[in-house]
Amino acid sequence: MNTKTKLAALAFSGLAALGLSSLSAQARIVCNEDGACWHVHEDYDFPPGVHVEIHPDDWRWKEGERHAWKEHEGRGYWHGGEWQPF
């Protein structure tokens, strides 16, 4: 393989990897009615009766709004100050 072919293959591989990684980037910010907010990396169907707002990953609450970060590993949601897995 000559140098031009190697560089072209490398560039194509890099662009393909970048394209695939952008497809899987599904981060969101979820906040409950108590103001607890956390990140999720997949789109979940929350159980019926769970009141949450789902925002894009770059969302920020406005000054004066009552929110707080409350991260947790795994699939679930915050309710009454406790993590509820589902």
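Residues numbered from 1 in each chain as written. Predicted model: local features only at pLDDT ≥ 70, side-chain atom pairs only at ≥ 80, totals over all residues. Heavy atoms only, no water.

### Considerations on the packing of aromatic side chains
In the structure shown here, the tally under the stated rule is eight aromatic pairs. Measuring from ring centre to ring centre gives 5.3 Å for W78 and W83, while their planes differ by 65°; the resulting arrangement is edge-to-face. Across the pair, exposure class does not vary: W78 and W83 are buried alike. Connected via pairs of aromatic rings, a cluster forms that spans Y44, F46, Y77 and F86. The ring of W78 carries K70 above its face, with NZ or CZ at 4.5 Å from the centroid. (Phe/Tyr/Trp six-rings, centres within 6.5 Å; stacked < 30°, edge-to-face > 60°. Buried < 20%, exposed > 50% of the residue type's maximum accessible area, 1.4 Å probe, protein only. Lys NZ or Arg CZ within 6 Å of the ring centre and 35° of its normal.)

### Considerations on the sheet that holds strand 2 (residues 36-40)
Through backbone hydrogen bonds, the strands of a sheet pair up, either in parallel or in antiparallel fashion. Overall, mixed pairing links the four strands, which are arranged 3-1-2-4 in an open sheet. The open sheet has two free edges, formed respectively by strand 3 (52-56) and strand 4 (68-69), since each of these has just one partner strand. Here strand 2 runs beside strand 4; their pairing, made up of two bridges, is parallel. What sits directly across from C37, in strand 4, is W69. (Pairing = 2+ DSSP bridges. Helix = DSSP H or I, 4+ residues; strand = E, 2+ residues; numbered from the N terminus.)

### What to know about the pairing of strand 1 (residues 28-32)
Counted residue by residue, strand 1 has four buried out of five residues, so it is predominantly covered. Examined bridge by bridge, strand 1 and strand 2 share four bridges and lie antiparallel to one another. Each residue of the ladder has a partner; that of R28, found in strand 2, is V40. Between strand 1 and strand 2, which pair antiparallel in sequence order, lie three residues; one of them, G35, sits at a positive phi of approximately 95°. As paired strands, strand 1 and strand 3 are joined by five bridges and run antiparallel to one another. Counterpart to N32 in the pairing with strand 3 is V52.

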